[in-house]
Amino acid sequence: MRHATAKFYDRAPAVVESFEQAVISGLSASPKSIPCRYLYDAAGSTLFDKICELPEYYPTRTETRILDDNAAEIAALIGPRAQIVELGSGSSDKIRVLLELLVSPKTYVPIDISAEHLQSAAETVARAHPSIPVAAVCADYTSNFDLPQVLEDGYDKRVAFFPGSTIGNMTNSEAVAFLERVRHLCGPRSDLLIGADLQKEPSLLNAAYNDSQGITAEFTLNVLHRINRELDGDIDVSRFVHDAGYVPERGRMEIFLRSEVDQLIHAAGRGFRVRSGERIHIEYSYKYTIDGFRDLVASAGYTPVHYWVDAQQLFSVHYLRVAA
Ligand SMILES: C[S@@+](CC[C@H](N)C(=O)[O-])C[C@H]1O[C@@H](n2cnc3c(N)ncnc32)[C@H](O)[C@@H]1O
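In this text the structure is predicted, and so the values were computed from the model without any measurement. (Residues numbered from 1 in each chain as written. Predicted model: local features only at pLDDT ≥ 70, side-chain atom pairs only at ≥ 80, totals over all residues. Heavy atoms only, no water.)

## Looking at the environment of Glu-230
Working step 1: With respect to the helices and strands, the residue Glu-230 is situated in helix H9 (residues 215-230).
Working step 2: Accessibility expressed as a relative area gives 33% for Glu-230, which makes it partly exposed.
Working step 3: Sequence-distant contacts of Glu-230, defined by excluding residues within four places in its chain, comprise Phe-19 and Asp-41. (Helix = DSSP H or I, 4+ residues; strand = E, 2+ residues; numbered from the N terminus. Buried < 20%, exposed > 50% of the residue type's maximum accessible area, 1.4 Å probe, protein only. Contact = heavy atoms within 4.5 Å.)

Here is the structure:
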């Protein structure tokens, strides 16, 4: 049987309402914040793909090389008739080489909050791998949701795939809670293949998040354009700047939008006063040591099986199994 089209399942919360609530509560709070999942509307997803191509942005190409170079070994660990569940699948680029090498994979299940981008990426995978059923699920992986019942049977093993060091956008306690949810979602006989960015020379990190072409700045500032577009906002985006820096003692990149002036902005029918120099928190990106990451996943009930790093030790990919 050929499966050249992807199936699509919508498990997403009402996006507009949840975005509105998040913006109202985030801009009313002190300090102000906007959750990073709202960076990924259609424009944001396209900008993120551009970031992945930037010379300074090492994570994507380094992780892709680790996955590609070790794909045969990873495929052997996964074994035959597996269902691959990718969380935050974006353009589904990193899974492609692995899909080629898996023995009789049962289903590829990309999950993402960005519906349009998910649908087109899922169709691309389905066309490239016509023998593998693709079932795309639009959902917010930070909330509780179930996979469609039709995906519950017929595989030997389920493997959650969470690349991109997206885990690093969560604090350690959020990451443990998230991984526990993934373990619950995928079941007791599941494995986890996950990318984790490593601690390194701060200048490399600062360059990666402050690229010379200004694409990363465009990406974070896009969330203000999104507020204007979707929540009837009047924000003059040119009065904010992207502000990203590595804080070694916390082991994380801290990413903000900083107001250049005192201003009153409006969105969703409300006004929000922003002081000159005030920062709206957008995202953290934690960087790990191998041992620190293994301790973190162990707290969520996963046992390390194997890990791979690149020659410069910039990035790591870990294969884990639900602890017996
Ligand atoms: C940093 S990108 C990584 C994309 C891809 N996995 C990679 O490694 O290149 C994060 C992806 O996760 C999705 N995402 C972010 N927050 C999400 C959430 N709460 N639920 C589902 N998807 C989410 C975004 O739409 C985006 O496609």
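## Quick look at the site of the ligand
Working step 1: Contacts to the ligand come from 18 residues, most closely from Gly-88, Lys-94, Asp-112, Asp-140 and Tyr-141.
Working step 2: Here Gly-90 contributes a backbone N or O atom positioned 3.4 Å from an oxygen atom of the ligand.
Working step 3: Interatomic distance of 2.6 Å between a side-chain N/O atom of Lys-94 and an oxygen atom of the ligand.
Working step 4: Summarising the interface, the protein chains cover 93% of the accessible area of the ligand, which totals 590 Å² for the free molecule. (Near = heavy atom within 4 Å. Polar contact = N/O pair within 3.5 Å; in protein donor to acceptor, adjacent residues only side chain to side chain. Areas by Shrake-Rupley, 256 points an atom, 1.4 Å probe, with all protein chains shown as cover.)

## Looking at the nonpolar core
Working step 1: Ranked by size, the top nonpolar core spans 39 residues in total, and within it Ile-34, Val-223, Leu-224, Ile-227, Phe-240, Leu-257 and Ile-282 carry the most contacts.
Working step 2: No other element matches the six residues that H9 contributes to this core.
Working step 3: Two domains each provide a minimum of three residues to this core, namely domain 1 (7-11 + 56-200 + 288-322) and domain 2 (30-53 + 201-286).
Working step 4: Setting aside its immediate chain neighbours within four residues, Ile-282 contacts Ile-34, Pro-35, Cys-36, Leu-39, Thr-220, Val-223, Ile-255, Phe-256 and Leu-257.
Working step 5: Ile-167, Val-176, Phe-178 and Val-182 belong to the second-largest nonpolar core, a separate cluster that totals 35 residues. (Core = buried A, V, L, I, M, F, W, Y, C linked by side-chain atoms within 4.5 Å. Domains from an automatic or database assignment.)

## Examining the side chain of Glu-278
Working step 1: Along the polypeptide, Glu-278 turns up in the loop between strand E10 (270-274) and strand E11 (279-286).
Working step 2: Taking the relative accessible area as the measure of exposure, Glu-278 reaches 12% and is therefore buried.
Working step 3: Looking at Glu-278, its side chain comes within polar contact range of the side chain of Lys-32, at 3.1 Å.
Working step 4: Ignoring sequence-local partners within four residues, the contact set of Glu-278 consists of Lys-32, Leu-257, Arg-258, Ser-259 and Arg-273.

## Let's talk about the side chain of Ser-285
Working step 1: On the secondary structure map, Ser-285 appears in strand E11.
Working step 2: In terms of polar contacts, Ser-285 uses its side chain to reach the side chain of Tyr-209, at 3.1 Å.
Working step 3: Sequence-distant contacts of Ser-285, defined by excluding residues within four places in its chain, comprise Gly-168, Asn-169, Tyr-209, Gly-251, Arg-252 and Met-253.

## Here we look at the domain arrangement of the protein
Working step 1: Domains assigned within the protein are domain 1 (7-11 + 56-200 + 288-322) and domain 2 (30-53 + 201-286).
Working step 2: With 21 residues of domain 1 in contact, the opposing surface of domain 2 contributes 25 residues.
Working step 3: In total, about 1900 Å² of surface goes out of reach between domain 1 and domain 2, with carbon and sulfur atoms giving 53% of it.
Working step 4: Among the residues of domain 1 in contact with domain 2, Glu-56, Tyr-57 and Lys-200 are the three that bury the most area, contributing 34% of the side total.
Working step 5: At the junction of domain 1 and domain 2, the tally comes to one salt bridge.
Working step 6: In this structure, the salt-bridge partner of Asp-140 is Arg-37, at a minimum N-O distance of 3.4 Å.
Working step 7: Linking domain 1 with domain 2 are eight residue pairs in polar contact (both at pLDDT 80 or more), by the criterion used here.
Working step 8: At the level of elements, helix H3 (58-69) and helix H6 (115-128) are the ones that each hand at least two residues to the side of domain 1 that touches domain 2. (Buried area = accessible area lost by both parts, 1.4 Å probe. Salt bridge = Lys/Arg side-chain N within 4 Å of Asp/Glu carboxyl O.)

## What about the sheet that holds E11?
In a beta sheet, neighbouring strands are held together by backbone hydrogen bonds and run either parallel or antiparallel to one another.
Working step 1: One open sheet holds the three strands; their spatial order is E7-E8-E11, and the pairing between them is antiparallel. Strands with a single pairing partner mark the edges of an open sheet, and in this sheet they are strand E7 (240-247) and E11. Direction aside, neighbouring strands of the sheet carry axes that sit 20 degrees apart on average.
Working step 2: In this structure, strand E8 (residues 252-259) lies alongside E11, joined through seven bridges in antiparallel fashion. Bridge assignment links Glu-254 to a residue of E11, and that residue is Tyr-284.
Working step 3: Lying over the sheet, H9 contacts E7, E8 and E11, oriented at roughly 120 degrees with respect to E7. (Pairing = 2+ DSSP bridges. Axes fitted to C-alpha atoms, helices over the stretch in contact; angles between N-to-C directions.)

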